[in-house]
Amino acid sequence: MQRSFIAKNPSVLIFLACLALFTLMVTVLSEGFGVGMISTSFVKTLGKTLCLCLIAVAMDLIWGFAGILSLGHFAFFGLGGYMIGMWLMYERTRLIVVDSLSQAEIPPTGSEVVDAIGNQIFGVVGSSEFPLIWAFADSLFLQLVLVVLVPGILALVFGWLAFRSRVTGVYLSILTQAMTLALALYLFQNDSGLRGNNGLSGLQNLPGVEASQDVVSLWFLWASALALGLGYLLAAWVVSGKFGSVIRGIRDNEARVRFIGYSVESYKLMIFTLTACIAAIAGALYYPQAGIINPAEIAPIASIYLAVWVAIGGRGRLYGAVIGAAFVSLLSTWFTGGQAPDIPLGFYTIKWVDWWLVLLGMSFVAVTLFAPKGMGGLVDLWTQRRAPNRHGADLGPDDGALREQEARK
């Protein structure tokens, strides 16, 4: 009798249970629920951390399992944020404009309302006309579709061009980084249609929702936890089947997999596009909680940080990616938020705000040299993984295949 997916991957059920318990505890202790032991700002921090864990899972899929070190996945993360941010900013501005113009003696026409909205949004860059890319900004449904569609198409086109040319290794990493840099430089321009360096702001205010930020922060926390749970479940399902075996083979020996007859480029393109879409969904949930997005958020250094999180957590282990992203993100908030006490040495005072990046870099080097399995390796030691006991069953698909007892002799 064939076992179910959950039965073959009990760690998935454990992870989902821990995630549900965590979400429930934060909800009960939050200000929005009434207890007030956890502040609204920290609830938002935890919600953003869950989004970063989701993009870390995507990064682990593409790097830890497929062996493709992408230094451009934060570009897809940022694009997802921009797509949902366009609707949030448009709708919030529309409500403000309609409310102000409704007090006039003569009711405004539809074109006057649109012109007023455009002037409010793009006046900061010296314009009042809506660019073509804002054509669907008034539709929440279409913008949600674009959250996945725009990054997915970009990943599909870029991946097709790169993989069909058989660009691999460090050269592919440089190409993904160049793509991210090019996108960031384009978005910095005022005529990009996304307000240049000013970015999109006020995203934390949900249009038409009268609830306080205490309650809204909980909504986003729940949505982020749900997205992380579903993303983790999808990633675990992908790597547990034939597709997962093939991408692991590509990671370990691409030439051999190609010689067997598999279309290596197609598998790479599928995993690259899939992880880009997952990253975009994470970004669409992250930036409404952050409240603002600008081109600096998708600079190449952000994708490098992402690789560091996965390496510290332990690549090739989905739970390791989550552990690494959560640990480094929360620790970064503590150090850079001024909560870590300075250390006076007499001749010099160590201020962690200035030294955090140095500490992060040293941690990355130390993990690479002395603990290549990362923090996820500690979980392996705790569970004491052993070879499966098949009780004398065949080790291969054919009758008479080498049995476990014979293999141990």
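Scroll up a little and you will see the structure.
A brief structural summary. Predicted, not measured: the structure shown is a model, and the values here were computed from it.

### Focus on unusual backbone geometry
Thinking step 1. Residue arginine 166 is not a glycine yet carries a positive backbone phi of 55 degrees.
Thinking step 2. Relative to the helices and strands, arginine 166 is located in the loop between helix H6 (140-164) and helix H7 (169-188).
Thinking step 3. For arginine 166, a relative accessible area of 53% corresponds to the exposed category.
Thinking step 4. Here the phi dihedral of arginine 195 falls at roughly 65 degrees; this positive angle occurs in a residue that is not glycine.
Thinking step 5. Looking at where arginine 195 falls in the secondary structure, it is placed in the loop between H7 and strand S1 (200-201).
Thinking step 6. The exposure class of arginine 195 is buried, given its relative accessible area of 9%.

### Description of the nonpolar core
Generally speaking, soluble globular proteins have nonpolar side chains that are buried together.
Thinking step 1. If you look at the biggest cluster of nonpolar residues, it comprises 110 residues, and the most contacted ones within it are Phe74, Phe77, Trp134, Leu200, Leu228, Tyr232 and Leu318.
Thinking step 2. Here the element with the most residues in this core is helix H3 (residues 40-65); it accounts for 16 residues.
Thinking step 3. Those residues in contact with phenylalanine 74, other than ones at most four positions away along the chain, are Leu52, Ile55, Tyr287, Glu297, Ile298, Ala302, Ser303, Leu306 and Trp309.

### Brief notes about the packing of H3 against helix H11 (residues 300-313)
Thinking step 1. Where H3 contacts H11, the axes come no closer than 9 Å and their chain directions differ by 80 degrees. With respect to their mutual orientation, H3 and H11 come out roughly perpendicular. On H11, the residues that touch Leu52, Ile55, Ala56, Met59, Asp60 and Trp63 of H3 are Leu306, Ala307, Trp309, Val310 and Ala311.
Thinking step 2. Looking at side-chain class alone, the contact of H3 with H11 contains 10 nonpolar, no polar and one charged residues.

### Thoughts on the side chain of threonine 93
Thinking step 1. By secondary structure assignment, the location of threonine 93 is in helix H4 (residues 73-101).
Thinking step 2. Within the structure, the side chain of threonine 93 is placed 2.6 Å from the backbone oxygen of methionine 89, a separation counted as a polar contact.
Thinking step 3. In this structure, threonine 93 is in contact with Ile117, Gln120 and Ile121, ignoring residues within four places of it in sequence.

### A short note on the packing of aromatic side chains
Each aromatic ring pair is described using two quantities: the centre-to-centre distance and the angle formed by the ring planes.
Thinking step 1. Applying the stated criterion to the full structure yields 16 aromatic pairs.
Thinking step 2. On the numbers, 4.7 Å between centres and 50 degrees between planes, the contact of phenylalanine 74 with phenylalanine 77 is tilted. Taken together, the residues phenylalanine 74 and phenylalanine 77, both in helix H4 and three residues apart, mark about one turn of the helix.
Thinking step 3. Using a relative accessible area of 6% as the deciding quantity, one classes phenylalanine 74 as buried.
Thinking step 4. Ring centres of tyrosine 262 and tyrosine 267 lie 6.0 Å apart, and the angle between their planes is 80 degrees; on these two criteria the pair is classed as edge-to-face.
Thinking step 5. On the accessibility criterion, tyrosine 267 (15% relative accessible area) is buried.
Thinking step 6. Through successive ring pairs, a cluster of aromatic residues spans Phe74, Phe77, Tyr286, Tyr287 and Trp309.
Thinking step 7. Over the ring of tryptophan 160 we find arginine 164; its NZ or CZ atom is 4.5 Å from the centre of that ring.

Analysis parameters
- What you see as residue numbers is a count from 1 along each chain, following the sequence as written.
- Note on the predicted model: pLDDT of at least 70 is required for a residue's local features to be given, and 80 or more for side-chain atom pairs to be given and counted; whole-chain, interface and lining totals, by contrast, use all residues.
- Hydrogens and water are ignored here; the side-chain numbers use all heavy atoms of the structure.
- Each helix is a run of H or I in the DSSP string that is no shorter than four residues. Each strand is a run of E no shorter than two, and both are numbered from the N terminus.
- For each residue, the accessible area found with a 1.4 Å probe, counting protein chains only, is set against the maximum for its type, and the residue is called buried under 20%, exposed over 50%, and partly exposed in between.
- Note on terminology: a nonpolar core comprises buried Ala, Val, Leu, Ile, Met, Phe, Trp, Tyr and Cys residues joined through side-chain atoms within 4.5 Å.
- By definition in these notes, contact holds between two residues if any of their heavy atoms fall within 4.5 Å.
- Axis lines are fitted through C-alpha atoms, for helices just across the contact stretch, and the angle between N-to-C directions can take any value from 0 to 180 degrees.
- Roughly parallel covers angles under 35 degrees, roughly antiparallel covers those over 145, roughly perpendicular covers 65 to 115, and oblique covers all other angles.
- Ten residue types, Ala, Val, Leu, Ile, Met, Phe, Trp, Tyr, Cys and Pro, are classed as nonpolar, four, Asp, Glu, Lys and Arg, as charged, and the remainder, Gly among them, as polar.
- Within 3.5 Å is the distance limit for a polar contact, defined as a pair of N or O atoms, with the added protein rule that one can donate a hydrogen and the other accept it, and that residues adjacent in sequence qualify only through two side-chain atoms.
- Here a pair means two rings of Phe, Tyr or Trp (six-membered ring of Trp) with centres within 6.5 Å. Their orientation is stacked below 30 degrees between planes, edge-to-face above 60, and tilted elsewhere.
- Lysine NZ or arginine CZ positioned within 6 Å of the ring centre and within 35 degrees of the ring normal marks a charge as sitting over the ring.

As far as function goes, none of this settles anything; it's purely spatial.
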